[in-house]
Amino acid sequence: MADQEIQSNPLDYASAGLGRRAVLMAGVAAMSAGCAGEATRRAPGPAFDPRNWGSVRAQFSLTSRYAHFAAFMLAAHPAPVRDAITQYRDALDSRPQDYGIGFYDLERSDDTRKAIAGYIGAQPQEVALTDSTTMGLGLVYGGLRLKAGEEVITTEHDFYSCHEALRLRAETDGIVIHRVRLYENPATASADEIVNRLVRRITPRTRVLALTWVHSSTGVKLPLSQISQAVKEINARRGPSRRVLIVVDGVHGFAAENASMSDLGADVFITATHKWLFGPRGTGFVWARTDAWPLLRPVIPSFSRQAWTGTPGPPADLNTPGGYHSFENRWAVPQAVAFHESIGKAAVAERIRSQAVQLKEGLAKLPNVRLVTPTSPELSAGVICCAVNGMEPDAVVQRLLTKHAISAGSTPYRESFVRFGPSIVTSPDEVERVIKAMASMR
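Rules behind the numbers
Residues numbered from 1 in each chain as written. Predicted model: local features only at pLDDT ≥ 70, side-chain atom pairs only at ≥ 80, totals over all residues. Heavy atoms only, no water. Helix = DSSP H or I, 4+ residues; strand = E, 2+ residues; numbered from the N terminus. Buried < 20%, exposed > 50% of the residue type's maximum accessible area, 1.4 Å probe, protein only. Contact = heavy atoms within 4.5 Å. Areas by Shrake-Rupley, 256 points an atom, 1.4 Å probe, with all protein chains shown as cover. Pairing = 2+ DSSP bridges. Axes fitted to C-alpha atoms, helices over the stretch in contact; angles between N-to-C directions. Salt bridge = Lys/Arg side-chain N within 4 Å of Asp/Glu carboxyl O. Core = buried A, V, L, I, M, F, W, Y, C linked by side-chain atoms within 4.5 Å. Domains from an automatic or database assignment. Parallel < 35°, antiparallel > 145°, perpendicular 65-115°, else oblique. Left-handed = near helix turned anticlockwise from the far one by under 90°. Nonpolar A, V, L, I, M, F, W, Y, C, P; charged D, E, K, R; others polar.

Undergrad: When you look at the overall build of the protein chain in this model, what are you seeing that I'm missing?
TA: Of regular secondary structure, the protein chain possesses 17 helices and 13 strands. Expressed as a percentage of the 442 residues in the protein chain, the buried residues total 56%. When contacts within the protein chain are restricted to residue pairs at least 6 apart in sequence, those whose partners lie at least 24 apart make up 71%. Within the structure as shown, the protein chain displays about 18600 Å² of accessible surface, and the carbon and sulfur contribution to it stands at 53%.

Following this line, the structure appears as structure tokens:
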């Protein structure tokens, strides 16, 4: 398994857009010119070759002591993201007057919207900015224009934040929530089984499917394009007010899979940027089709121009929560997108896919391990779950760290599993280390 060359465009940071105004706005440049010495001096990082996986890994400050198979959870920042955050933070600390009273982030937030929209194949006016996936779920499920008695179908496999956001909404105005079990055994789940179980549950009262692209509990990836096609056929027989809306928590597929919004067929997509994109922590977004945004009412007051002036504008702006945020992180999202795109979306997805296949094939051969995640890439992504016979998941995770210098995790669910996440900061050699370490578990 070659670990050097990446088949993508050989872009450097500048040609990928990393030298644009989003890194250093005019106020920071003026500060640097007029106040030499105020900014912290930093030694340049290693030269970056986006075609070389060793060079990609060198952009991260992750300790070399561990193989980082849990890095997607609280993702480390690569060098260009760290540098952008630092420069924005230093500017905010030293010259806060350059930013007014905190309302003057509109232009730089627009840069963030444009970067996200370009990455997902959408329009900037379709993107609302949030601080996390959980915030996005709360905004969407709290803001959907639903009536008492109308129903939302979700699944037994969704994350706590989805279930809790829907429960809170149901308490408010009496919408009906139903949970569907999409598969009995995740390892043997099929696309037909998942689609059929979900579609069979849709009734004339159903208005929303609340789904998760990749289940963090099992690693199962939903066949969203097939689900959306089935729902499209149902909606063709319904009037506009009765159509079924597909809302997707996409956090464990976003940036791990090479897919645009049109590929998925969702109406609303919610994610954070700090996992597989390795974007700034505390940043996320909600995307919705232009014709879906009117179905969402704002939950938190916006600080957008249209909110303050009462003038027309994109609904996504009104659904972007106002108040004060970690602006230095939000403004650095374009650098995360540019870093990812400089490597190549297809190259990143293949890097994750190939390691995931390697790891699943290796784990499946171990007599002491039960693989939980489907082996097929069509029904799985970068999350791999398994169990070790006779051992609790937390004990396995602890032994992996202390005896084998492998960082993994356990799923925070009633039925817990050991969880791995190969990514752009892991390698095929490290995957082999995981397989050997798991073979030794007793």
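Undergrad: Looking at this structure, how should I read the sheet that holds strand β8 (residues 284-288)?
TA: Strand pairs in the sheet, formed through backbone hydrogen bonds, run parallel or antiparallel to each other. Spatially, the 7 strands line up as an open sheet ordered β2-β8-β7-β6-β5-β3-β4, and their pairing is mixed. Lying at the two open borders of the sheet, with one neighbouring strand each, are β2 (127-130) and β4 (176-180). Each strand axis lies, on average, 20° off the axis of its neighbour in the sheet, ignoring direction. Alignment of strand β6 (residues 245-249) against strand β7 (residues 268-272), held across 3 bridges, turns out to be parallel. Within β7, the residue paired with V248 across the bridge is F269. This element, helix α5 (residues 106-120), spans β2 and β8 of the sheet and lies at about 120° to β2. Here helix α7 (residues 160-173) sits on the sheet and contacts β3 (151-155), β4 and β5 (206-212); the angle it forms with β3, its principal contact strand, is near 160°.

Undergrad: Help me understand the pattern of salt bridges, please; the structure alone is not making it clear to me.
TA: Two side chains bearing opposite charge may form a pair once their charged atoms approach each other closely. Scanning the entire structure with this criterion turns up 19 salt bridges. For R95, the salt bridge goes to D98, with nearest N and O atoms at 4.0 Å.

Undergrad: Just checking my understanding: could you explain the nonpolar core for this structure?
TA: Soluble, globular proteins show a tendency: their nonpolar side chains are buried together. Formed by 80 residues in total, the largest nonpolar core has its most connected members in I120, I194, L209, I227, F269, I343 and I424. Looking at this core, you find at least three residues from each of domain 1 (63-76 + 345-440) and domain 2 (98-342). Setting aside residues no more than four positions away along its own chain, I424 makes contact with W53, V56, F60, F278, F339, I343 and V348.

Undergrad: What's the story with the packing of helix α4 (residues 79-94) against helix α14 (residues 333-343) in this structure? I'm lost.
TA: Packed helices, taken two at a time, are described by the angle between their axes plus the distance between the axes. Where α4 contacts α14, the two axes come as close as 8 Å, and the packing angle between them is 165°. It follows from the interaxial angle that α4 and α14 lie roughly antiparallel. The two elements α4 and α14 meet at a crossing, and its hand is right-handed. Residues P80, V81 and A84 of α4 touch α14, and the partners they reach there are Q335, A336 and F339. Looking at the contact of α4 with α14, its residues break down into 5 nonpolar, 1 polar and no charged.

Undergrad: How should unusual backbone geometry be read in this particular structure?
TA: In terms of backbone geometry, most residues other than glycine have negative phi values and most peptide bonds are trans. If you check the backbone angles, F278 has positive phi at about 55° while not being a glycine. Mapped onto the elements of the fold, F278 is located in the loop between β7 and β8. For A405, which is not glycine, the phi torsion reads 55° and is therefore positive. Take A405: it is sitting in the loop between α16 (393-404) and β11 (406-407).

Undergrad: Please explain the side chain of T271 as it appears in this structure.
TA: Position of T271 relative to the elements: it lies in strand β7. For T271, a relative accessible area of 0% corresponds to the buried category. If we skip the residues at most four places from it in the chain, T271 touches T130, T133, G250, V251, F254, G284 and F285.

Undergrad: Would you mind showing me how to read the sheet that holds strand β9 (residues 369-371) here?
TA: Judged by pairing direction, the sheet is antiparallel, and its 4 strands sit side by side in the order β9-β10-β13-β12 without closing on themselves. The two strands at the open ends of the sheet, each matched to only one other strand, are β9 and β12 (409-410). Note that β12 and strand β13 (residues 418-420) share 2 bridges and pair antiparallel. Note on β13: the bridge partner recorded for S410 is V418. Docked against the sheet, helix α15 (residues 345-364) engages β9, β10 (384-388) and β13, running at close to 20° with respect to β10.

Undergrad: For this particular structure, what's the right way to read the pairing of β7?
TA: Look at any regular strand and the pattern is simple: side chains alternate between the two faces of the sheet. Taken across its 5 residues, β7 has 5 buried, putting it largely inside the fold. On β7, burial covers both faces: V268, I270 and A272 on one face and F269 and T271 on the other are all buried. Pairing geometry for β7 and β8, over 5 bridges, is antiparallel. Within the sheet, the bridge partner assigned to T271 lies in β8 and is F285.

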